[in-house]
Each structure stands twice: as structure tokens, then as C-alpha cells.
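# Structure at a glance
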Amino acid sequence: MENNQPIISVDHVSMRFNLSKEKHESLKEYFLALAKGRLQFDEFYALRDVSLKVMPGDFYGLIGLNGSGKSTLLKVISGVYKPSSGTCRVGGTIAPLIELGAGFDMDLTARENIYLNGTVLGFTPKYIDSKFEEIVEFSELRDFLDVPLKNYSSGMVARIAFAIATITKPDILIADEILSVGDFLFQQKCEARMQRLMSGGTTVLLVSHSIEQIERMCNKVAWIEKGRVKMDGPAAEVCAAYKQTTK
Amino acid sequence: MATLKCYFNGFWRYRYLLYNLISRDFKLKYRRSVLGVAWSVLNPLLMMLVMWAVFGGLFPDLRGGDIVNYPIFLLCGQLLFNFFRESTTLAMSSVLYNAPLLRKVYIPKYIFPLEKTCFGFVNCCFSFIALVLVMLFTLSPVHLTLPLAIYPLLTLFVFSLGVGLVLATMTVFFRDVMHMWEVFTTALMYFSAIFYDPEMMSGWVQQFIKFNPIYWYITGFRRAVINGEGLSLSMILVCGGCAVAALAFGLFVFKKNQDKFVLYL
Ligand SMILES: Nc1ncnc2c1ncn2[C@@H]1O[C@H](COP(=O)(O)OP(=O)(O)OP(=O)(O)O)[C@@H](O)[C@H]1O
Ligand SMILES: [Mg+2]
């Protein structure tokens, strides 16, 4: 069953941003900059020449300090950013859990948001209907279903979001620090669900600052520093090296 | 051709999202209002009464004498123009306002301008209830040509979508566009023959108005609804031509720039 084609292959990807202060938000600024002859933007590379291969069935962890480019890499993989150079090939459906609550409208109730966010992820309303009970069950927020989301706590939002994103069996689950929001009971629940998806053949990409969690859950890890892959390989090795330097 | 098919498949996959976004807009627009969606009918009706009072009562000379059925004449112009203004204005800021979403999950970005144009269109269709009410109230005759009004309406939809795509793209890079468009549509309103008969304007104004596509959509619509005449060939050509040109240009501009959006949002 195991084939040797990587399910995600990131090939020499660089991601360049124009730094915010050089953005021209109005015509006047634009022409002023044009007149002064410095329309070249200050460039900033969030990712430089990153190459990674993730095999089907991997539980892949990404570690690195704040601002090292982990979230950016996940967004390139999920198609939100188009890399400035290099290519990223993904062979399967993705359930993105990048910054939870994307696709939620805070003015709508949880019930309405489940449908809205479900369709953002490409599900049909019929399918959501059939899974509605399961979502509510998993998030344990039955009493709050008709409350606007703006009155939720951030952990409650995370619960709903996680429950929606994981109702299908995606080929790839991308999780960016989501486990850090919920309380420990919910974290355990999420971990269990991820493990279950894994055993069903889903590939998981996980970002976490909890190194012991990464060690426990992942089989492979990439360590990213200042936009470059500093080290990648089996979890134990990379984590050990990471702990060495950050001590 | 293959890319076109790919585009359509993508669209088909996200049709429910489109529907949900439109229904969200309606929910939020009328949440906590007692009359709710009835405002879609009441609002144009009341606006029409105001304009009627101004141009029928206060300044009757401004509008030109021989307009048959002035209330309906007003309402037709106003409904179509408001649709254009509302949908383009909403579409313009749609990509910007959905930045939090676009930065986090992948969705085809054209869905937002498209959604706003559809929202404006649905709203406009509700407003036609006002038109029917006024027609009943003024005992206006119903012409056999009424179904022909669909043509200017649909082409106006396509035209607005095209304009909305261009505006949405520009707004991502220059926020100034929002303010300019507001002024521009106000100016445009006075050149769309909404509350006056263009025939009574001086020669150059008449010529000038003909460069305004909105004028053609409104006039075509009125001919079918009020005058009971078919559409003239030039109307069919101008309405259809502008729509196709605007949409083609809009898609081109949007597609060319959409990958850069996330960097500027
Ligand atoms: N849209 C953007 N425009 C400009 N710079 C950006 C943008 N998004 C990210 N960056 C920059 O890219 C770098 C990497 O950001 P990223 O969010 O990927 O870090 P991270 O590894 O996820 O950090 P954290 O551990 O804090 O989540 C940061 O320096 C950030 O300032
Ligand atoms: Mg991050």
C-alpha cells in the first residue's frame, strides 16, 4: 500500500514579502514614492530555498522559533500563498487548521458558522447536516449553539473549528498551534482524533512550540530557522539537536 | 478551454459557499431590524416618493414634460442604478474585507466580488416588489414586452460583475479607489437619466449621456416595462457588448493580479 511518491513535495520554495512600511496604501503615497524614485520595495524573505518531502502516512512536525517561517510554509502548502519561486506539489485533499476560526463570522451564531465554515472547506450542506450531531458532540458546546461567536471564548471557537475541519477524512491535515488553545481535556481529545485520522491513512503536518508534544506525536521533524531548513529527519534526532541549542 | 472547464469545476464546488455567503449578508443586513427584508421593498419605495416629491412637485421643469407614468419611470431608473451602485461598491471592498479569510484558507478569490454582485441582484429582485406595487397602485397597463426586461437586467448583472472585479483588484493596491468611486457614482447618477427625460436636455448632454452604459440598461428596461416596445438593435448591442467587454476585462485584470493579493491585504 505504501508507495514512494511523496504526498507533499516542497521544492526550492522561497517566499518574499514586501515589508509593510513600504506598502503604498494610497495613490498619493504611491506617486510620492515614484517621484522620489524608490518604488523598489524593501524585500523580506520569510522562506528561502526550502525543500521538504512528506511521505503518505507521516506525522510531520515543524519546529522553530517565533517568526522563523513555519506558518508561512504551511500557507504555501495549503495554497494560500503562491511561492515567489520554487514549486509546491500536493497530492490530496487538505484540511487546513491554520489559525483557527478562519472562515468564521463573529456576528453569526455557532450553528450558522458551522454551515458557513463547512462550505468554505468545500463540504456540501447535506454532508454537514449528516455530520452536525457529531460536530456538536465533539465540541461539547450544545448549549451555546445559538449564541453569536463573538460571545465565545477563544478556546470555544477553537473547539468548533477543530470539530468542523476534522469531520472528513482528509488526505492531509495541517495543524498550526491549534492544540495550544484548548484546555488539557480538549487537547487530549484532539490528539486522540489526530491519531485516529493518522491510523486511517491521513498525513498530518503539525506545528507546535511544545517540543515534548512533537517528540511524542511525530515521526519526522523539520527544524526551521530564519526561513531555512536547518535540519530535518527522524523526530528524536532533530528534537535533541533543537533542545541542545535552545537551552 | 481546459482552464475554463477547470474554472467552472472550481466554481461548482463552491456554489454552496456562494449561497451561504449571500444568506449571511442578508442575515447581517437585517439582523435586529423589526421589518427585516421588507426594507428591501420599502427603501426604494420611500426613496421614490422623495424623488417624486422633489421632481414632480418642487422642480417639475427639471424633468421634462412628457414622461408617461413618472413614478414608474423614476422607480425603474432608480432600481437599476441602485443595483449597479450597490453591487459594485460592495464588490469593490469585498476582497479587502475578507482578508482574514483569504490569508488563512484557500478559496477562489473571485467568489467574493461574485457574491456581492449576486447579493445586490437578489436585493434588487426583492425591490421589484415595490415596482409591482406602484404599477398596481397607478393602474399602469402591463405590456406583453415585459419579459424582455430580463435582457437589460441580466446584461447589467454581467456588466456590474466585470466592473466589480476591476474595482476589487484596484482597491487591494490603492485604497483611494473606494473614495473616488463614491464620488464617481454620484456623478454618474446625474448622467443616467434617472429622473429626467434625456430628450429635453441640450444636444451635447444627450450625446454625452449615450457614452454611459448605465443609461442604455435603464432605457432598455424602461422601454420593455413602460412603453411596451421591444428593444432596439442598438440597445441589444450596447447592453450585451458592454457586459461582455466589462466581464472579459474584469476577469483578465483580476486573474492577472490575484496571486499578489495576499501580499497586500
Ligand atoms: N503577510 C506578510 N507580510 C509581511 N511579512 C510577513 C507576512 N506574513 C509573515 N511575515 C513575516 O514572515 C516571518 C515568518 O512568519 P511566520 O508567521 O511564518 O512565523 P512562525 O514561524 O509561524 O512564527 P510563530 O512561531 O510565532 O507562529 C515573520 O518575520 C513575519 O514578520
Ligand atoms: Mg505561526
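Quick summary incoming for the structure in this document. One numbering rule holds for all chains: residues counted from 1, following each sequence as written. Whichever chain is written first becomes A and whichever ligand is written first becomes 1, with later ones labelled in order. Only residues with pLDDT of at least 70 are given local features in this predicted model, and only at 80 or more are side-chain atom pairs given and counted; all residues enter the totals for whole chains, interfaces and linings. The side-chain numbers reported here are obtained from all heavy atoms of the structure, hydrogens and water having been left aside.

A few words now on the interface of chain B and chain A. Buried accessible area, meaning the area lost when the parts come together, often serves as the stated size of an interface. Contacts are assigned to residue pairs with any non-hydrogen atoms lying within 4.5 Å of each other. Each side of the interface is counted separately: chain B has 27 residues, and chain A has 36 residues. Here chain B packs against chain A, burying approximately 2,800 Å² in sum over the two surfaces, 61% of which is carbon and sulfur. When a carboxyl oxygen of Asp or Glu lies within 4 Å of a side-chain nitrogen of Lys or Arg, that pair is called a salt bridge. One can count four salt bridges joining chain B with chain A. Arg24 of chain B serves as the salt-bridge partner of Asp105 of chain A, at 3.0 Å between the closest nitrogen and oxygen. Nitrogen and oxygen atoms within 3.5 Å of one another constitute a polar contact, given that in protein one can donate a hydrogen and the other can accept it, and given that sequence-neighbouring residues count only through two side-chain atoms. The interface formed by chain B and chain A includes seven residue pairs in polar contact (both at pLDDT 80 or more). Contributions of two or more residues to the side of chain B that touches chain A are made by helix H2 (15–30), helix H5 (99–102), helix H8 (176–190) and helix H11 (233–264) of chain B. By definition, any uninterrupted DSSP run of H or I lasting at least four residues is a helix, any uninterrupted run of E lasting at least two residues is a strand, and each is numbered from the N terminus. If one sorts the elements of the side of chain B that touches chain A by residue count, H2 of chain B sits on top with seven residues. What gets called buried area is simply the loss in accessible area from a 1.4 Å probe that two parts show on being joined, summed for both.

Quick look at the packing of helix H4 (residues 125–139) of chain A against helix H5 (residues 154–165) of chain A now. Residues and elements named next belong to chain A. Where H4 meets H5, the closest approach of the two axes is 9 Å, and the angle between their N-to-C directions is 140°. Between H4 and H5, the angle is such that the two are oblique. In terms of crossing hand, the pair formed by H4 and H5 is right-handed. Contacts between H4 and H5 involve Ile135, Phe138 and Ser139 from the first element and Arg159, Ile160, Phe162, Ala163 and Ile164 from the second. Throughout this entry, Asp, Glu, Lys and Arg are counted as charged residues, while Ala, Val, Leu, Ile, Met, Phe, Trp, Tyr, Cys and Pro are counted as nonpolar. The remaining residues, Gly among them, count as polar. Looking at the contact of H4 with H5 residue by residue, the class counts come to six nonpolar, one polar and one charged. All axes are obtained by fitting lines to C-alpha atoms, using only the stretch in contact for helices, and the reported angles, taken between N-to-C directions, cover 0 to 180 degrees. Oblique is the label for any angle not under 35 degrees, not over 145, and not in the 65 to 115 range, which are roughly parallel, roughly antiparallel and roughly perpendicular in turn. Helix crossings are classified by the rotation of the near helix relative to the far one: an anticlockwise turn of less than a right angle makes the crossing left-handed, while a clockwise turn makes it right-handed.

Mapped onto the secondary structure, Phe137 of chain B falls in helix H6 (residues 111–137). C-alpha of Phe137 of chain B to C-alpha of Glu229 of chain B: the two residues are 92 residues apart in sequence and 22 Å apart in space.

All names here are of chain A. For this purpose, a residue is taken to be near a molecule or strand whenever a single non-hydrogen atom of the residue falls within 4 Å of it. Around ligand 1, the surrounding shell holds 14 residues, and the nearest of these are Gly67, Lys70, Ser71, Thr72 and His209. Note that an oxygen atom of ligand 1 is positioned 2.5 Å from one of the side-chain N or O atoms of Thr72. His209 places a side-chain nitrogen or oxygen 2.9 Å from an oxygen atom of ligand 1. The Shrake-Rupley method, run with a 1.4 Å probe, gives the accessible areas here. Residue values count only the displayed protein chains as cover. Summarising the interface, the protein chains cover 69% of the accessible area of ligand 1, which totals 640 Å² for the free molecule. Of all the elements in the fold, those that place two or more residues in the shell around ligand 1 are strand E2 (43–54) and helix H2 (70–78). Broken down by element, the residue count for the shell around ligand 1 peaks at three residues, all from H2. Here the residues of the shell around ligand 1 sort into five nonpolar, seven polar and two charged.

To continue, consider the pattern of salt bridges. Close approach of charged atoms lets side chains of opposite charge pair. Here the structure, examined in full by the defined rule, presents 23 salt bridges over all chains. The shortest N-O distance in the salt bridge between Lys131 of chain A and Glu134 of chain A comes to 3.7 Å. Linking Lys131 of chain A with Glu134 of chain A, this pair stays in helix H4, spanning three residues, or about one helical turn. In this structure, Lys189 of chain A and Glu140 of chain A form a salt bridge, with 2.5 Å as the shortest nitrogen-oxygen distance. With Lys189 of chain A in helix H6 (residues 184–199) and Glu140 of chain A in the loop between H4 and H5, this residue pair connects regions lying 49 residues apart in the sequence. The network of salt bridges with shared partners includes Asp105 of chain A together with Arg24, Asp25, Glu115 and Lys116 of chain B.

Taken by themselves, the reported measurements are silent on function.
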